[in-house]
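# Architecture and fold: a report
As a plain string of letters, each chain reads:
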Amino acid sequence: MLDGLPQEALVAIAGFLGLLVGSFLNVVIYRLPKMMEQQWAAECAELTGQTSEPAAEKLSLISPRSRCSNCGHMIAWYENIPLLSYLFLRGKCSVCGTPFGIRYPVIELTTGLLFAFCAWRWGNTPATLAWCGFSAALLALAVIDWDTTLLPDDITLPLMWAGLVFAVLQLNPQVALPDALWGAVAGYVSLWSVYWVFKLVTGKEGMGYGDFKLFAALGAWFGWSALVPIILMASVIGAVVGIAMKFSSGLREGGYIPFGPFLAGAGFTAMAFGPQSILRFIGL
């Protein structure tokens, strides 16, 4: 790490790096689901022996360059500086004036604040890097799930393995490797069991397999004892948001809302205040 660096400077550097990572997360959030759809279409065509229609453009996280969805204007590097470019361009394409949307700077700013918090909380230690990675992955998962009801394995599974490695390296003294391992197992099995009980009783699917994997990842990072506080808080927040959206006619077709963002919110709360603080927060 950066020996001898004042904490204020460390926090500032982490916040700046968070802005850059947040800019990349915007790309991940937008492109990863589309990349998955392209892959599924190709696999389905291969299994059925049909010739799939070629994708209009092969997507990856690094190519092609970002462009305006309306006029196709390629975004120049100076138009892609986190926060500053959005403010300078007033949130619009420099060619056609199409609004870009407030989400882009919000995600950049949120990531910067999360990274700065991690640097302030854990200081000049390897744990700061670990929790910054945790924060970036969890934020991306929350937004992707809210948009698409998908929790990509490309993020959930590395996040779970990273939590186990985190425990092996003893970067969090409160979570030993057995706690992390059983946390991952219990996190997956518990929601898997709820899923099948609900499906057998109602004939409907109450959640997706991505939720099992995300909960397993949280169990790996916080240990098995944190699972009950995390699932309670996620359920309470989800119920409140669901009721509010129902009364405001904001529910999607089918009347569902994804559960991943609420698991992520509980995960952020556990990171910031500790899992047991969640029980106090909800009055238990």
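Reference entry: report on the structure contained in this document. (Residues numbered from 1 in each chain as written. Predicted model: local features only at pLDDT ≥ 70, side-chain atom pairs only at ≥ 80, totals over all residues. Heavy atoms only, no water.)

## Remarks on the environment of Ile-75
For Ile-75, the location among the structural elements is in the loop between helix 1 (7-48) and helix 2 (84-89). Note on Ile-75: relative accessible area 15%, which makes it buried. Distance from Ile-75 to Ser-94, taken between C-alpha atoms, is 9.0 Å for residues 19 residues apart in sequence. Apart from the residues lying within four places of it in its own chain, the contact partners of Ile-75 are Arg-65, Ser-66, Arg-67, Cys-68, Asn-80 and Phe-100. (Helix = DSSP H or I, 4+ residues; strand = E, 2+ residues; numbered from the N terminus. Buried < 20%, exposed > 50% of the residue type's maximum accessible area, 1.4 Å probe, protein only. Contact = heavy atoms within 4.5 Å.)

## Topic: the nonpolar core
Ranked by internal contacts, the top residues of the largest apolar core, which has 63 residues, are Trp-131, Phe-134, Leu-159, Phe-222, Ile-230 and Leu-263. The set of elements that each furnish at least two residues to this core consists of helix 1, helix 3 (103-122), helix 4 (126-148), helix 5 (153-168), helix 6 (177-202), helix 7 (209-222), helix 8 (227-247) and helix 9 (260-273). With sequence-adjacent residues up to four places away left out, Leu-159 is seen in contact with Phe-134, Ala-137, Leu-138, Leu-141, Leu-214, Ala-217 and Trp-221. (Core = buried A, V, L, I, M, F, W, Y, C linked by side-chain atoms within 4.5 Å.)

## A short note on the side chain of Thr-128
Residue placement: Thr-128 occurs in helix 4. Engagement of the side chain of Thr-128 in a polar contact is seen with the backbone oxygen of Gly-123, the distance being 2.6 Å. Not counting residues within four places of it along the chain, the set of residues in contact with Thr-128 comprises Cys-118, Ala-119, Trp-122 and Gly-123. (Polar contact = N/O pair within 3.5 Å; in protein donor to acceptor, adjacent residues only side chain to side chain.)

## Considering the environment of Gly-91
Tracing the chain through its elements places Gly-91 in the loop between helix 2 and helix 3. With relative accessibility at 4%, the residue Gly-91 sits in the buried group. Taking the C-alpha atoms as reference points, Gly-91 and Pro-105, separated by 14 residues in sequence, lie 9.1 Å from one another. What Gly-91 contacts, discounting residues up to four positions off in sequence, is Tyr-86, Thr-98, Pro-99, Phe-100 and Gly-101.

## Concerning the pattern of salt bridges
Taken as a whole, this structure holds 3 salt bridges when the rule is applied. For Arg-103, the salt bridge identified is with Asp-147, shortest N-O distance 2.5 Å. Placement of Arg-103 in helix 3 and of Asp-147 in helix 4 is noted, with a sequence separation of 44 residues between them. Since its relative accessible area comes to 36%, Asp-147 is described here as partly exposed. Between Glu-205 and Lys-199 there is a salt bridge whose closest N-O contact spans 3.5 Å. According to the relative accessible area criterion, Lys-199 is partly exposed, its value standing at 27%. (Salt bridge = Lys/Arg side-chain N within 4 Å of Asp/Glu carboxyl O.)

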